[in-house]
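# Secondary and tertiary structure notes
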Amino acid sequence: MQKDADVLRWVPEDICTASMCCAAVNTNGLLLGYVPVALRTEEVCRMAIQENGKALQWVPENLRSAPMCREAMQRWCFAFKFVPEAVCTAAMCLHAVEQHSLLLEFVPLALQGLFHKGRVTERDPSDLDAVSDHLAMLRHWANVPKDADQDWDAGIQSAGGA
């Protein structure tokens, strides 16, 4: 199995085992999409995310914890698109938007107001100064300290990531 993990795509579900799935996602996290839903345990999903943050999209939503989502975002910032609103925090939003301004689109409605206080919305959002202002406003209104990156890093380390 380790020699060619892609073979998981063609393994019938009734003979697919947890050890096959672990070996496959440990080699290529994106193969989580081919793991039968019944075998997508927290362990298998975490292994997939440690290999490739894009795998978050195939993690069952009930397993998408804040630490797992942070770990996926550390490896691929666009994993933010797949973070459930229930575990999404202002610090996650800030981190995501700092990585790529296009991720503003995926900030949950409940937190979008943090980006629209004052006159920030009157500017062109593609303007780098406007994005900088959005980030400053988020830090201010969400009471996110300037050293939030250290808190972010601590969260990643406590989750077993980088």
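In what follows, the accompanying structure is described. The structure presented is a predicted model; accordingly, all values stated were derived computationally and were not measured.

Here we take up the overall build of the protein. For the protein, the helix and strand inventory stands at seven helices and zero strands. Overall, the protein shows an N-to-C arrangement of helices and strands of α-α-α-α-α-α-α. The 162 residues of the protein split such that 43% are buried. In the protein, the proportion of contacts linking residues at least 24 apart, taken out of those at least 6 apart, comes to 33%. Surface summary for the protein: the accessible area is close to 8900 Å², and the carbon and sulfur share equals 50%.

Moving on: the nonpolar core. Leu32, Leu56, Phe80 and Val83 are the most contacted members of the largest nonpolar core, which has 35 residues in total. Broken down by secondary-structure element, the contributors of at least two residues to this core are helix H1 (18-27), helix H2 (42-51), helix H3 (66-75) and helix H4 (90-99). At five residues, the largest contribution of residues to this core is made by H2. Discounting chain neighbours no more than four positions away, the residues touching Phe80 are Met73, Cys88, Met92, Cys93, Ala96, Leu103, Phe106, Val107 and Pro108.

To continue, consider the packing of aromatic side chains. In the structure shown here, the tally under the stated rule is one aromatic pair. The interplanar angle of 50° and the centroid separation of 6.0 Å between the aromatic rings of Trp76 and Phe78 together place this pair among those described as tilted.

What follows deals with the packing of H1 against H2. The contact between H1 and H2 brings their axes to 7 Å, and the two run at 15°. Put simply, H1 runs roughly parallel to H2. Of the two possible hands of crossing, H1 and H2 adopt the one that is right-handed. Contacts between H1 and H2 pair Cys22, Val25, Asn26 and Thr27 from the former with Glu43, Val44, Met47, Ala48 and Glu51 from the latter. Taken together, the residues of the contact of H1 with H2 break down into five nonpolar, two polar and two charged.

Now for the packing of H2 against H3. At a minimum axis separation of 9 Å, H2 and H3 run at an interaxial angle of 20°. Relative to H3, H2 is oriented roughly parallel. Of the two possible hands of crossing, H2 and H3 adopt the one that is left-handed. Judged by residue contacts, Glu42, Cys45, Arg46, Ile49 and Gln50 of H2 engage Met68, Glu71, Ala72 and Arg75 from H3. Split into classes, the residues belonging to the contact of H2 with H3 amount to four nonpolar, one polar and four charged.

The rules we used
Residues numbered from 1 in each chain as written. Predicted model: local features only at pLDDT ≥ 70, side-chain atom pairs only at ≥ 80, totals over all residues. Heavy atoms only, no water. Helix = DSSP H or I, 4+ residues; strand = E, 2+ residues; numbered from the N terminus. Buried < 20%, exposed > 50% of the residue type's maximum accessible area, 1.4 Å probe, protein only. Contact = heavy atoms within 4.5 Å. Areas by Shrake-Rupley, 256 points an atom, 1.4 Å probe, with all protein chains shown as cover. Core = buried A, V, L, I, M, F, W, Y, C linked by side-chain atoms within 4.5 Å. Phe/Tyr/Trp six-rings, centres within 6.5 Å; stacked < 30°, edge-to-face > 60°. Axes fitted to C-alpha atoms, helices over the stretch in contact; angles between N-to-C directions. Parallel < 35°, antiparallel > 145°, perpendicular 65-115°, else oblique. Left-handed = near helix turned anticlockwise from the far one by under 90°. Nonpolar A, V, L, I, M, F, W, Y, C, P; charged D, E, K, R; others polar.

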